[in-house]
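Residue-level structure breakdown
Okay, here's what each chain looks like letter by letter:
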Amino acid sequence: MTTFAIKTVATTAFADQKPGTSGLRKRVKVFQQPHYTENFVQAILSAIPTGAAGSTLVVGGDGRFFGKEAVQLIIKLAAGNKVSKLIIGQNGILSTPAASNLIRKHNATGGILLTASHNPGGPENDFGIKYNIANGGPAPEGITDNIFAISKTLTSYSIADVADVDLAKIQTHTFSNNFTVEIVDSVKDYHFFASHPSYTVLMDSMHGVHWSSTNWDLPQTSVMNFVPLEDFGGGHPDPNLTYAHELVERVEKEGISFGAASDGDGDRNMIIGKGVFVNPSDSVAVIADYADKAIPYFKKSGIKGLARSMPTSMSIDRVAKAKGVEIFEVPTGWKFFGNLMDAGKLSICGEESFGTGSDHIREKDGLWAVLAWLSILAYANTQSTSFIGLNELLQTHYTKYGRNFFSRYDYEEVDSTAANAVMDVLKTKKAGETFNNYTIAYCDDFEYTDPVDHSVSKKQGLRFIFTEGSRVIFRLSGTGSQGATIRLYVEKFTEDKGLYALETQVGIQDLIVAALAMSRLGELTGRKEPTVIT
């Protein structure tokens, strides 16, 4: 048994440690400042509702640069705060859904996740730390607000003189003071298998933590970028048509039936095939429609309820109505789904930002979503005498429910003053005003009252609903580490079968013109084009 001493280190509070919807994200160099990481981890430990002393915490991340150093600091700070046990992924690696699963399986107090999700990694890029609670999901605003409050008044932190722990070897380290560190297989408790030999498959890990660490029984020709790298190979590990362009190009060139990409920490997903892109809003709607027929878990449990983030298209709303289950519209941020799941009100949910999940864990789960799609495709082909691929499945869905044309425009790293000016202009718009033949019927700054704990979340996005039912939404995102990101969401519904096969950007072109006119975005930011279109 190894002994250690605890000391109190004087520190000065930092004013910028406010967690966003996905934790605290900053440039690596910010976290490398003296005391910066220690301060934030101490604030997390001090904010645990039941106290850090005697707690069990899961720790791991997406393998990005500075991750291993941060794990060693967390071990020392946890020991200094009398945490009872840490469960750490081998080499400090745990995908976000795998961490959520471990928290739930081991009845842990919570978890500290080291990820900036889909943001770039490396010495010059991003790092992130977030806290998940006992249900496996992201900490609610009450806890993150407390973390921030503590971080602003911190004068010291408690740290133990524990030697660095070998993260590469699966073993248990026992220390004095009833402190244990268990290094576990990152995926042993989180293993799935699905394949359908009729399809050619290509999985892109984007040098994150997923496809390389799960047994897909696929040849190396069916996986790409599958070695986890601290800088994600210099790429941007965000599974969309812009940043996963290598996958998109290979799928088209090689005629791949089913392509999938996941982000750095494995909680997001993109589904594509030759000539077809599955919009995330359509993805969760299709999964919800087929779940109780094609996915064993839901064949047994049934569908309790469905949910989406407010900006996500209303395609899943029509599925909920057809199934006779409740639909919930929540703010952006996965933590809002957790309460509904814990209360037994929600089975399947999704966000337009390539996040899809169910109540098996309390995080979005890229691996689960991919397996769900493979299961649905396999099922659909047992019900048809002709081949059913991604495009055929989507067209069948549109025929049944109508089509919600949906797209998101991201304007990244915009000057904060200019971004706020855009939002100020939008706040002056009123019902009755017309832009490019679209007349505003209703507009608001979205507010959500949680039906479980009745907490209220205000100012969650400027929402404009037009007289013919189309929607335009503007949000400032907090998931970047530099400047501001303006997100513009547009949605247009049609039941005209002649338009179902139309390319999305063609289908919404006139609505985009209206949105840019009402916001004066180009004029105020100087941006002629978005950084990313999804």
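The structure displayed is predicted, hence computed values, not measured ones.

Before going further, it helps to examine the overall build of the protein. Broken down by element type, the protein carries 16 helices and 27 strands. For the protein, the C-alpha radius of gyration of 23 Å lies close to 24 Å, the compact-globule estimate for 534 residues. Projected onto the principal axes, the alpha-carbon positions of the protein cover approximately 75 × 55 × 40 Å. For the protein, the proportion of its 534 residues judged to be buried stands at 58%. Taking contacts inside the protein between residues at least 6 apart in sequence as the whole, the part at least 24 apart equals 71%.

The subject of this paragraph is a nonpolar patch on the surface. A cluster of nonpolar residues, Leu499, Leu502 and Val506, forms a patch on the protein surface that exposes about 210 Å² of accessible area. Note on placement: leucine 499 falls in the loop between strand E26 (484–494) and helix H14 (504–507). Residue leucine 499 is classed as partly exposed on the basis of its relative accessible area of 31%.

What follows deals with the confidence of the model for the protein. Detailed conclusions should not be drawn from predicted coordinates in areas where pLDDT is low. Residues at a pLDDT of 70 or more form 95% of the protein, whose mean pLDDT is 91. Below pLDDT 50 for its whole length, residues 190–196 participates in 19 contacts with residues either more than four positions away or in separate chains.

The tendency in soluble globular proteins is for nonpolar side chains to be buried side by side. Counting 48 residues, the largest nonpolar core has Ile75 and Leu86 as the members making the most contacts within it. Setting aside residues up to four positions removed in sequence, leucine 86 forms contacts with Leu57, Val59, Ile74, Ile75, Ala78, Phe179, Thr180, Val181 and Glu182. Counting residues in each nonpolar core, the second largest holds 41 residues, with Val284, Tyr290, Ile316 and Val370 among its members.

If you trace the 7 strands from one edge of the open sheet to the other, you get E2-E6-E5-E3-E4-E9-E8, paired in mixed fashion. Each of the sheet's edge strands pairs with one partner strand only, and the pair in question is strand E2 (24–27) and strand E8 (172–175). This sheet shows a mean twist of 15° between the axes of neighbouring strands, independent of strand direction. This element, helix H2 (residues 36–47), spans E2, strand E3 (56–61), strand E5 (110–114) and strand E6 (126–132) of the sheet and lies at about 15° to E6.

This part is about the side chain of aspartate 62. Its place among the elements puts aspartate 62 in the loop between E3 and helix H3 (67–80). Using a relative accessible area of 0% as the deciding quantity, one classes aspartate 62 as buried. Looking at aspartate 62, its side chain comes within polar contact range of the side chain of threonine 115, at 2.7 Å. Once residues lying within four places of it in the same chain are set aside, the contact partners of aspartate 62 are Leu94, Leu114, Thr115, Ala116, Ser117, Val209, Phe232, Gly264 and Asp265.

This next bit is on the packing of aromatic side chains. Applying the stated criterion across every chain yields a total of 15 aromatic pairs. An angle of 80° between the planes, with centres 4.8 Å apart, marks the rings of tyrosine 297 and phenylalanine 298 as edge-to-face. Look at tyrosine 297 and you get partly exposed, because its relative accessible area is 39%. Aromatic side chains phenylalanine 464 and phenylalanine 474 sit 6.4 Å apart centroid to centroid with 85° between the ring planes, which places their arrangement in the edge-to-face category.

It is worth spelling out helix H10 (residues 335–342) at this point. Counting buried residues along H10, 6 of its 8 residues qualify, which places the element largely inside the surrounding structure. Regarding H10, the residues found buried are Lys335, Phe336, Phe337, Gly338, Leu340 and Met341. Positioned one or two residues after H10, glycine 344 has a phi angle of 75°, which is positive.

When two helices pack together, their arrangement is captured by the angle between the axes and the distance separating the axes. Taken N-terminus to C-terminus, the directions of helix H7 (residues 280–294) and helix H9 (residues 315–323) make an angle of 20°; their axes are 7 Å apart at the nearest point. It follows from the interaxial angle that H7 and H9 lie roughly parallel. Along the contact surface, H7 presents Ser281, Asp282, Val284, Ala285, Ala288, Asp289, Asp292 and Lys293, while H9 presents Ser315, Ile316, Val319 and Lys323. Partitioning the contact of H7 with H9 into residue classes produces 5 nonpolar, 2 polar and 5 charged.

Next up on the list: the pairing of strand E10 (residues 201–204). Both faces of E10 are covered, namely the face carrying Val201 and Met203 and the face carrying Leu202 and Asp204. Here 4 bridges tie E10 to strand E12 (residues 258–262), and the two strands are oriented parallel to one another. Within E12, the residue paired with valine 201 across the bridge is phenylalanine 258. One ladder, built from 2 bridges, connects E10 with strand E11 (residues 223–224); its direction is parallel.

Time to look at the pairing of strand E13 (residues 269–273). Burial analysis of E13 places 5 of its 5 residues in the buried class, which makes it a mostly covered element. Residues Asn269, Ile271 and Gly273 point to one face of E13 and Met270 and Ile272 to the other, with burial holding for every one of them. As defined by bridge partners, E12 adjoins E13 across 4 bridges and the pair is classed as antiparallel. The residue of E13 that forms the bridge with serine 262 is asparagine 269. Where E12 folds back onto E13 in an antiparallel hairpin, the turn is made up of 6 residues, including glycine 266, whose phi is positive at roughly 80°. Where E13 lies against strand E14 (residues 276–278), 3 bridges are found, and the strand directions are antiparallel. Residue pairing across strands places isoleucine 271 opposite valine 278, the latter belonging to E14. Counting the residues in the hairpin turn of E13 and E14 gives 2 residues, including glycine 275, whose phi is positive at 80°.

A few words now on the environment of tyrosine 442. Along the chain, tyrosine 442 falls in strand E21 (residues 438–445). Note: C-alpha distance between tyrosine 442 and phenylalanine 226 (216 residues apart in sequence) is 47 Å. If we skip the residues at most four places from it in the chain, tyrosine 442 touches Arg463, Phe464 and Ile465. A polar atom in the side chain of tyrosine 442 sits 3.1 Å from the side chain of aspartate 444.

Time to look at unusual backbone geometry. A positive phi angle, close to 50°, is found at glutamate 413, a residue other than glycine. Locating glutamate 413 in the fold gives a position in strand E19 (residues 403–414). Despite not being glycine, asparagine 436 shows a phi value in the positive range, around 50°. Mapped onto the elements, asparagine 436 comes out in the loop between strand E20 (434–435) and E21.

Moving on, we come to the side chain of threonine 504. Mapped onto the elements, threonine 504 comes out in helix H14. Take threonine 504: its relative accessible area is 17%, and that puts it in the buried class.

Tallying each qualifying case throughout the model produces 29 salt bridges. Lysine 76 is paired through a salt bridge with aspartate 164; the nearest N and O atoms lie 2.6 Å apart. A residue pair is termed long-range when its members are at least 10 positions apart, and lysine 76 in helix H3 and aspartate 164 in the loop between strand E7 (156–160) and E8 qualify at 88 residues. Of the residues examined, lysine 76 reaches a relative accessible area of 15% and is grouped as buried. Residues lysine 85 and glutamate 182 are paired through a salt bridge, measuring 3.0 Å at the closest nitrogen-oxygen approach.

Quick notes on the rules
Residues numbered from 1 in each chain as written. Predicted model: local features only at pLDDT ≥ 70, side-chain atom pairs only at ≥ 80, totals over all residues. Heavy atoms only, no water. Helix = DSSP H or I, 4+ residues; strand = E, 2+ residues; numbered from the N terminus. Rg over C-alpha atoms; globule rule 2.2 N^0.38 Å. Buried < 20%, exposed > 50% of the residue type's maximum accessible area, 1.4 Å probe, protein only. Contact = heavy atoms within 4.5 Å. Patch = residues over 30% accessible without salt bridge, like charges linked within 9 Å, V, L, I, M, F, W, Y side chains within 5 Å. Areas by Shrake-Rupley, 256 points an atom, 1.4 Å probe, with all protein chains shown as cover. Salt bridge = Lys/Arg side-chain N within 4 Å of Asp/Glu carboxyl O. pLDDT = per-residue confidence, 0-100. Core = buried A, V, L, I, M, F, W, Y, C linked by side-chain atoms within 4.5 Å. Pairing = 2+ DSSP bridges. Axes fitted to C-alpha atoms, helices over the stretch in contact; angles between N-to-C directions. Polar contact = N/O pair within 3.5 Å; in protein donor to acceptor, adjacent residues only side chain to side chain. Phe/Tyr/Trp six-rings, centres within 6.5 Å; stacked < 30°, edge-to-face > 60°. Parallel < 35°, antiparallel > 145°, perpendicular 65-115°, else oblique. Nonpolar A, V, L, I, M, F, W, Y, C, P; charged D, E, K, R; others polar.

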